[in-house]
Amino acid sequence: MGYVKGLKCRECGREYPVDPIYVCEFCFGPLEVSYDYKKIKKILDRKTIEKRDGNLWRYKELLPIDGEPQVGLHSGFTPLVRADNLASALGVRELYVKDDTVAHPTLSFKDRVVAVALTKAKEFGFDTVACASTGNLAHSVSAHGAKAGFKRFVFIPASLEQSKIVASLVYEPNLVAVDGNYDEVNRLCSEIANKYPWAFVNINIRPFYAEGSKTQGFEIIEQLGWEAPDNVVVPCASGSLLTKVWKAFKEFKEMGLIDKLGTKVFAAQATGCSPISAAIKQGTDIIKPVKPNTVAKSLAIGNPADGYYASHIVKETGGHAEDVSDEEIIDGMKLLAKTEGIFAETAGGVTVATAKKLIEQGRIGRNERTVICITGNGLKTQEALNGHTAEMHHIKPNMAAFEEIFKKIGDR
Ligand SMILES: *Cc1c(COP(=O)(O)O)cnc(C)c1O
Ligand SMILES: [Zn+2]
């Protein structure tokens, strides 16, 4: 019943059957899932989608599975919040937050990609799933994998935030902390993936995993009343999410689900790990790997697998990129929290602060409609705010004590 034609090399176009493979044997280009769009167009319209349950499988024909969804039956379809308070703070008219801080079950957009990857792993018949993670993927593979009954091997940089480690361990995966940064963890995992017959969601299952990110793009358009925004600002680690949000927009155009598409795609990074934004700002598509040093650990990939493709999309759509300091990231988190009541993790601070910069530069128009992608929950990275929040008022349990501090607070 599936609509997948096969896998296709992004570089030379060579086609492959649907298997747990990810690079072209001839040119080493990455493989991507291709679909029978003609067939999908015949059965998929706005009404059909709107009648379905509020989760990411409402777009299942455009996802790379053959049978019925098996994992993540409550994932996706997060709110698109009209952010009028943040809009006035930033001086724009129409701004929306795509709010994956409330993603189910682990409060980041990784629940989307893992829902798709593990459904595919089941179809392939794997009993063990694995990943290399900057934090959020570890949570999602651990949690979705627990519910779906997989054995789980999860590899992380040992320097990850303590709260992120605990939020993986609670699901009892085999958690392996590696002395090294993400790029070193990932290299080790490529070797392990060659030897053990596991579904590594971001290695041999990557073409399928990455398709899950499209659902964020599909939802943005549906939730805007079947219109594409003028601008979308997407945080980049490997650059995969950015490429897939754009792929989603193009597929909806191709399916006739939207009439026109003129969205500019903007990339957001932390200055302490900005290989993609550096390339875009320098006007080149050569991504120079860096050694990450930033509070935004979930975006700390120094050698981004999809950086080249992300930079092309930014250029092709007339967007741009910016990167922001750790201080700007913290300010971005606080601004989003105090204007919209949304507590995002450091990656969200990157997106807000980058959007602010792009607006100040005039690259995002003040009268345009802009969506910013907020991809993870602030409760995961509370350490980043230590020493950066307002003080609380500490009092004895009596009225006089309260009156005393109340006088000081005034009518704040
Ligand atoms: C993984 C992740 C991203 C984006 O990752 P890509 O590798 O670029 O797809 C963005 N935000 C958060 C919070 C993440 O965990
Ligand atoms: Zn090829």
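Notes on the structure follow. (Residues numbered from 1 in each chain as written. Chains lettered and ligands numbered in written order. Predicted model: local features only at pLDDT ≥ 70, side-chain atom pairs only at ≥ 80, totals over all residues. Heavy atoms only, no water.)

### With respect to the sheet that holds strand S2 (residues 15–16)
Here is step 1 of the chain: Reading across from one edge, S2-S1-S3 is the order of the 3 strands in this open sheet, with antiparallel pairing throughout. Edge positions in the sheet fall to S2 and strand S3 (31–35), since each has one partner strand and no second.
Here is step 2 of the chain: As paired elements, strand S1 (residues 4–9) and S2 share 2 bridges and run antiparallel to each other. Bridge pairing in S2 places leucine 7 opposite tyrosine 16. (Pairing = 2+ DSSP bridges. Helix = DSSP H or I, 4+ residues; strand = E, 2+ residues; numbered from the N terminus.)

### Focus: the pairing of S1
Here is step 1 of the chain: In the sheet, S1 pairs with S3 via 5 bridges, with the strands oriented antiparallel. Among the inter-strand pairings, lysine 8 is bridged to a residue of S3, identified as glutamate 32.

### Here we look at the sheet that holds strand S9 (residues 199–200)
Here is step 1 of the chain: Here 4 strands make up an open sheet; going across it, the order is S8-S7-S6-S9 and the pairing parallel. At either margin of the open sheet sits one strand with a lone partner, and together these are strand S8 (174–178) and S9.
Here is step 2 of the chain: Alignment of strand S7 (residues 151–157) against S8, held across 5 bridges, turns out to be parallel. Of the residues in S8, the one forming a bridge with phenylalanine 155 is valine 176.
Here is step 3 of the chain: The sheet strands contacting helix H7 (residues 182–195) are strand S6 (128–132), S7, S8 and S9, and the helix crosses S7 at an angle near 145 degrees. (Contact = heavy atoms within 4.5 Å. Axes fitted to C-alpha atoms, helices over the stretch in contact; angles between N-to-C directions.)

### Observations concerning a nonpolar patch on the surface
Here is step 1 of the chain: On the surface, a nonpolar cluster with roughly 380 Å² of combined accessible area is contributed by Ile395, Met399, Phe402 and Phe406.
Here is step 2 of the chain: Tracing the chain through its elements places phenylalanine 406 in helix H15 (residues 399–409).
Here is step 3 of the chain: We classify phenylalanine 406 as partly exposed; its relative accessible area is 43%. (Patch = residues over 30% accessible without salt bridge, like charges linked within 9 Å, V, L, I, M, F, W, Y side chains within 5 Å. Areas by Shrake-Rupley, 256 points an atom, 1.4 Å probe, with all protein chains shown as cover. Salt bridge = Lys/Arg side-chain N within 4 Å of Asp/Glu carboxyl O. Buried < 20%, exposed > 50% of the residue type's maximum accessible area, 1.4 Å probe, protein only.)

### Some remarks on the site of ligand 1
Here is step 1 of the chain: Around ligand 1 sit 15 residues in total, of which Lys110, Asn136, Ser238, Leu241 and Thr375 are the nearest.
Here is step 2 of the chain: In this structure, leucine 241 approaches ligand 1 through a main-chain N or O atom, which is 2.9 Å from an oxygen atom.
Here is step 3 of the chain: Summarising the interface, the protein chains cover 97% of the accessible area of ligand 1, which totals 390 Å² for the free molecule.
Here is step 4 of the chain: Class assignment for the residues of the shell around ligand 1 results in 7 nonpolar, 6 polar and 2 charged. (Near = heavy atom within 4 Å. Polar contact = N/O pair within 3.5 Å; in protein donor to acceptor, adjacent residues only side chain to side chain. Nonpolar A, V, L, I, M, F, W, Y, C, P; charged D, E, K, R; others polar.)

### Structural notes on the coordination of the zinc ion (ligand 2)
Here is step 1 of the chain: Protein-derived ligands of the zinc ion (ligand 2) are Cys9 (SG), Cys12 (SG), Cys24 (SG) and Cys27 (SG), with the metal-ligand distances lying across 2.2 to 2.4 Å.
Here is step 2 of the chain: Geometry at the zinc ion (ligand 2) is tetrahedral, judged from its 4 donor atoms and the angles of 97 to 119 degrees they form at the metal.
Here is step 3 of the chain: Spacing between the donor residues of the zinc ion (ligand 2) along their common chain follows C-x2-C-x11-C-x2-C. Residue cysteine 12 is found in the loop between S1 and S2, and its partner cysteine 24 is found in the loop between S2 and S3; the two are separated by 12 residues along the sequence.
Here is step 4 of the chain: Classification of cysteine 24 by relative accessible area gives buried; the value is 0%. (Donors = N, O, S within 2.8 Å, 3.2 Å for Na, K, Ca; no water. Tetrahedral: all angles 85-135°; square planar, octahedral: opposite > 155°, others 65-115°.)

### A short note on the environment of tyrosine 171
Here is step 1 of the chain: Tracing the backbone shows tyrosine 171 in the loop between helix H6 (162–169) and S8.
Here is step 2 of the chain: Exposure remark for tyrosine 171: the relative accessible area of 27% places this residue in the partly exposed category.
Here is step 3 of the chain: Not counting residues up to four positions away in its chain, the partners in contact with tyrosine 171 are Thr106, His139, Ser142, Ala143, Ala146 and Arg152.

### Brief notes about a positive patch on the surface
Here is step 1 of the chain: On the surface, a cluster of positive charge is contributed by Lys5, Lys8, Lys38, Lys39 and Lys42.
Here is step 2 of the chain: For the positive patch, the secondary structure elements donating two or more residues are S1 and helix H1 (37–43).
Here is step 3 of the chain: Considering every element that reaches the positive patch, the biggest residue donor is H1, with 3 residues.
Here is step 4 of the chain: Summarising the element assignment, lysine 38 is placed in helix H1. (Lys, Arg positive; Asp, Glu negative; His and termini not counted. Charge placed at Lys NZ, Arg CZ, Asp CG, Glu CD.)

### Things to note about the environment of glutamate 161
Here is step 1 of the chain: Tracing the backbone through its elements, the reader meets glutamate 161 in the loop between S7 and H6.
Here is step 2 of the chain: We classify glutamate 161 as buried; its relative accessible area is 8%.
Here is step 3 of the chain: For the pair formed by glutamate 161 and lysine 380, sequence separation is 219 residues and the distance between their alpha carbons is 8.3 Å.
Here is step 4 of the chain: Excluding residues that lie within four positions of it along the chain, glutamate 161 makes contacts with Val295, Lys297, Thr381 and Glu383.

### Re the packing of aromatic side chains
Here is step 1 of the chain: Under the criterion given, the structure shown has 13 aromatic pairs.
Here is step 2 of the chain: Ring geometry for tyrosine 308 and tyrosine 309: centres 5.1 Å apart, planes at 85 degrees, overall edge-to-face.
Here is step 3 of the chain: Take tyrosine 308: its relative accessible area is 34%, and that puts it in the partly exposed class.
Here is step 4 of the chain: Assessed through its relative accessible area of 16%, tyrosine 309 is described here as buried.
Here is step 5 of the chain: Relative to phenylalanine 406, the ring of phenylalanine 402 has its centre 5.5 Å away and its plane inclined at 20 degrees; by these criteria the two rings are stacked. In this pair, phenylalanine 402 and phenylalanine 406 are both assigned in helix H15, 4 residues apart and thus about one turn of the helix distant. (Phe/Tyr/Trp six-rings, centres within 6.5 Å; stacked < 30°, edge-to-face > 60°.)

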